[in-house]
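What follows is the residue order along each chain.
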Amino acid sequence: MDERDTPEAGDELGRAVEDVEQRWRDFHRLSPLTLLGIGVLLAVATNTMFKVSETGWYAMVGLVAGAAVLEGIAIRAGLARKGPSVAGTVYYGLRWALAFGLAWINPLFAFYAAIGYFGADRFLLPRLVKFGLAASAVILAGSQSGGLPPENAGQWAFFGALYAINMALVAAMVHLDSKERERTLAQVATIAELEHTNRALQDALDENAALQAQLLVQAREAGVSDERRRLAAEIHDTIAQGLTGIIAQLQVVANTPDQEQAREHLDRAADLARHSLGEARRSVHNLAPAALDDATLAEALKKTVEDWSARTGVRADFTLTGTAEPLHEEIGASLLRIAEEALSNAARHAAATRVGVTLSFMAGEVTLDVRDDGRGFDPLSVPARSGAGGFGLDGMRARAERLAGGVTVESEEGGGTAISARVPLVRHD
């Protein structure tokens, strides 16, 4: 995703547009009074230059007071914030009239009149904007030509030329303003599109989270169903048949007076009992680990590795990387069973002198790596698993794939073995 398309970029762009708009509102609210004050100061300073009469001074004072009152009313009404309106049009017209009268008395009040260039599109109704700009240009051209009204034909010609120049500048300003407005509208549209995209992305993330939870539940249910079918088949094929044989042998013992024959059948019953016990232990080998009842996965793995090392005499080290988090019980149980099976394989087949087990918490994923320095093997020619218990590499893969994960095996003869299981990081509910 492009950096400009991120939610933070969209928020920053929106704040920038709003900041510019607020600055314009402050400008239209405060600059008229500021420029009016500058006009007053210049009028006082240039009194002798323009030779304003006593009547003119009274008129100027009245017009300045009227302009100050008008600007106060506009600020109080918040016209700069409301945009084009009838009230804004009335305000603009009155301000132009007051500026025209002041500039007639002293041309330096054109500073106050110049604000009309900037406020036309903010206050005037759209169809009156061009007329407002043209009217403001009259005051500015008159001031630049020496004051209103022009006293002779030369001044009128000069006034006309200056008016044409002002109108050309106005046309250029209008053109630039329209381009700026188009850019602003494009930015607003971009912000709206970004917000829509962000909402769609958040909805997709929420949906993915719900789907992941649903898949996990389905995987759990499928695992439970598979386990039930496995246990049912094994109980029927092994334990149930063994118990049936034990009962048959005991019945023979109960019905024979021959002690030697009874001892023979008792021995057979004992053998069947031991065999059935082994089958029962093997059948329940893959049920939920008791080691996770009161320990985290990391703690259970560390203890499993230590116990395995003590039992086999092979050096084994456990390493935790990343920040450990509480995992969904199905995730923890599957990874622990995969580690147990990998260690069991290492003990039976690898003849290793050192084993390393690493549990890694990463963004959205948990990985379990079991490495040994044993004899290794060709992963493409793995022998069929025996009936001694466990499910080998196929069982590891099946456990990981039920959780939308996977198991990879890297090994070569004489080069050791590395088994890596990865599953999604699903936190404990």
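Residues numbered from 1 in each chain as written. Predicted model: local features only at pLDDT ≥ 70, side-chain atom pairs only at ≥ 80, totals over all residues. Heavy atoms only, no water.

(A) A look at the overall build of the protein. Tallying secondary structure elements over the protein gives 13 helices and five strands in all. When the 429 residues of the protein are sorted by exposure, 37% land in the buried category. A fraction of 72% describes how many contacts in the protein between residues 6 or more apart in sequence connect residues 24 or more apart. Counting every atom, the protein has about 25000 Å² of accessible surface; 59% of that belongs to carbon and sulfur. (Helix = DSSP H or I, 4+ residues; strand = E, 2+ residues; numbered from the N terminus. Buried < 20%, exposed > 50% of the residue type's maximum accessible area, 1.4 Å probe, protein only. Contact = heavy atoms within 4.5 Å. Areas by Shrake-Rupley, 256 points an atom, 1.4 Å probe, with all protein chains shown as cover.)

(B) Fine view of helix α3 (residues 54-77). In this model, α3 (24 residues) spans 35 Å end to end at C-alpha, consistent with the 34 Å of a helix rising 1.5 Å per residue. One or two positions beyond α3, positive phi appears at Gly78, with a value near 70°. (Expected span 1.5 Å × (residues − 1).)

(C) Representation of the sheet that holds strand β1 (residues 315-321) in the model. Reading across the sheet, the five strands line up as β1-β2-β3-β5-β4 and stay open at both edges, with mixed pairing between neighbours. Each end of this open sheet is capped by a strand with a single partner; those strands are β1 and β4 (406-411). Each strand of the sheet is rotated relative to its neighbour by a mean of 10°, with strand direction disregarded. In this structure, strand β3 (residues 365-372) lies alongside strand β5 (residues 417-424), joined through eight bridges in antiparallel fashion. Of the residues in β5, the one forming a bridge with Asp372 is Thr417. Packing against the sheet, helix α11 (residues 297-312) makes contact with β1, β2 (354-362) and β3, and its axis sits at approximately 170° to β1. Sheet contacts for helix α12 (residues 329-350): β2, β3 and β5; angle to β3, the most-contacted strand, approximately 10°. (Pairing = 2+ DSSP bridges. Axes fitted to C-alpha atoms, helices over the stretch in contact; angles between N-to-C directions.)

(D) Structural view of the nonpolar core. Counting 40 residues, the largest nonpolar core has Leu297, Ile331, Leu335, Val355, Leu359, Val366 and Leu368 as its most contacted members. Looking at this core, the elements with two or more residues in it are α11, α12, β2, β3, α13 (392-402), β4 and β5. At 10 residues, α12 tops the list of elements feeding residues into this core. Look past the residues within four positions of Leu297 in its chain and what remains in contact with it is Leu292, Leu327, Gly332, Leu335, Leu336 and Leu359. One finds Ile105, Leu133, Ile139 and Leu140 within the second-largest nonpolar core, a separate group that totals 31 residues. (Core = buried A, V, L, I, M, F, W, Y, C linked by side-chain atoms within 4.5 Å.)

(E) Inspection of a nonpolar patch on the surface at higher detail. A contiguous nonpolar patch, built from Val20, Trp24, Phe27, Phe118 and Met173 and spanning about 420 Å² of accessible area, is present on the exposed surface. The element best represented in the nonpolar patch is helix α1 (residues 7-45), accounting for three residues. (Patch = residues over 30% accessible without salt bridge, like charges linked within 9 Å, V, L, I, M, F, W, Y side chains within 5 Å. Salt bridge = Lys/Arg side-chain N within 4 Å of Asp/Glu carboxyl O.)

(F) Geometry of the confidence of the model for the protein. Residues at a pLDDT of 70 or more form 85% of the protein, whose mean pLDDT is 81. Counting contacts from residues 385-390, a segment whose pLDDT is below 50, to residues more than four positions away or on other chains yields seven contacts. (pLDDT = per-residue confidence, 0-100.)

(G) Representation of the pairing of β4. Strand direction decides the pairing type here: β4 and β5, joined by six bridges, are antiparallel. Paired with Thr408 across the strands is Ser420, a residue of β5. Linking two consecutive strands that pair antiparallel, namely β4 and β5, is a turn of five residues; a positive phi of about 85° is found at Gly414 within it.

(H) Spatial organisation of the side chain of Asn345. By secondary structure assignment, the location of Asn345 is in helix α12. Take Asn345: its relative accessible area is 15%, and that puts it in the buried class. Leave out the neighbours within four places in its chain, and Asn345 touches Ala350, Gly392 and Met396.

(I) Representation of the packing of helix α7 (residues 115-123) against helix α8 (residues 129-144) in the model. Where α7 meets α8, the axes come as close as 9 Å, and the angle between the chain directions of the two elements is 170°. In terms of axis orientation, α7 runs roughly antiparallel to α8. Between α7, through Gly116, Tyr117, Ala120 and Asp121, and α8, the contact on the second element is made entirely by Val129, Leu133, Ser136, Ala137 and Leu140. In terms of residue class, the contact of α7 with α8 is built from six nonpolar, two polar and one charged. (Parallel < 35°, antiparallel > 145°, perpendicular 65-115°, else oblique. Nonpolar A, V, L, I, M, F, W, Y, C, P; charged D, E, K, R; others polar.)

(J) Geometry of the pattern of salt bridges. Tallied over the entire structure, the rule returns six salt bridges. A salt bridge links Asp26 to Arg29; its shortest N-O distance comes to 3.2 Å. Here Asp26 pairs with Arg29, and both are found in helix α1, just three residues apart, close to one helical turn. One salt bridge connects Arg354 with Asp317, and the closest N-O pair in it is separated by 3.6 Å. Note that Arg354 is positioned in strand β2 and Asp317 in strand β1, a separation of 37 residues in sequence. Given the relative accessible area of 42%, Arg354 is considered partly exposed.

(K) Focus on the packing of helix α5 (residues 86-105) against α7. At a closest axis distance of 9 Å, the pairing of α5 and α7 adopts a crossing angle of 165°. If you check the angle between α5 and α7, you find them roughly antiparallel. Crossing angle aside, the handedness with which α5 passes α7 is left-handed. Contact residues: Gly88, Thr89, Tyr91, Tyr92 and Arg95 in α5; Ile115, Gly116, Gly119, Ala120 and Phe123 in α7. By residue class, the composition of the contact of α5 with α7 is five nonpolar, four polar and one charged. (Left-handed = near helix turned anticlockwise from the far one by under 90°.)

(L) Up close: the packing of aromatic side chains. Tallied over the entire structure, the rule returns six aromatic pairs. Judged by centre distance (5.5 Å) and plane angle (75°), the ring pair of Phe27 and Phe118 falls under edge-to-face. On the criterion of sequence distance, the pair formed by Phe27 in helix α1 and Phe118 in helix α7 is long-range, its members being 91 residues apart. In this structure Phe27 comes out as partly exposed when scored by relative accessible area, which is 30%. Given a relative accessible area of 36%, Phe118 falls into the partly exposed group. Relative to Trp104, the ring of Phe100 lies with its centre 5.7 Å away and its plane at 50°, an arrangement referred to as tilted. Placement of both Phe100 and Trp104 in helix α5 is noted, with a separation of four residues, approximately one turn of the helix. Residue Phe100 is classed as partly exposed on the basis of its relative accessible area, which comes to 24%. With a relative accessible area of 42%, Trp104 lands in the partly exposed category. A connected cluster of aromatic rings, assembled from ring pairs, spans Trp96, Phe100 and Trp104. (Phe/Tyr/Trp six-rings, centres within 6.5 Å; stacked < 30°, edge-to-face > 60°.)

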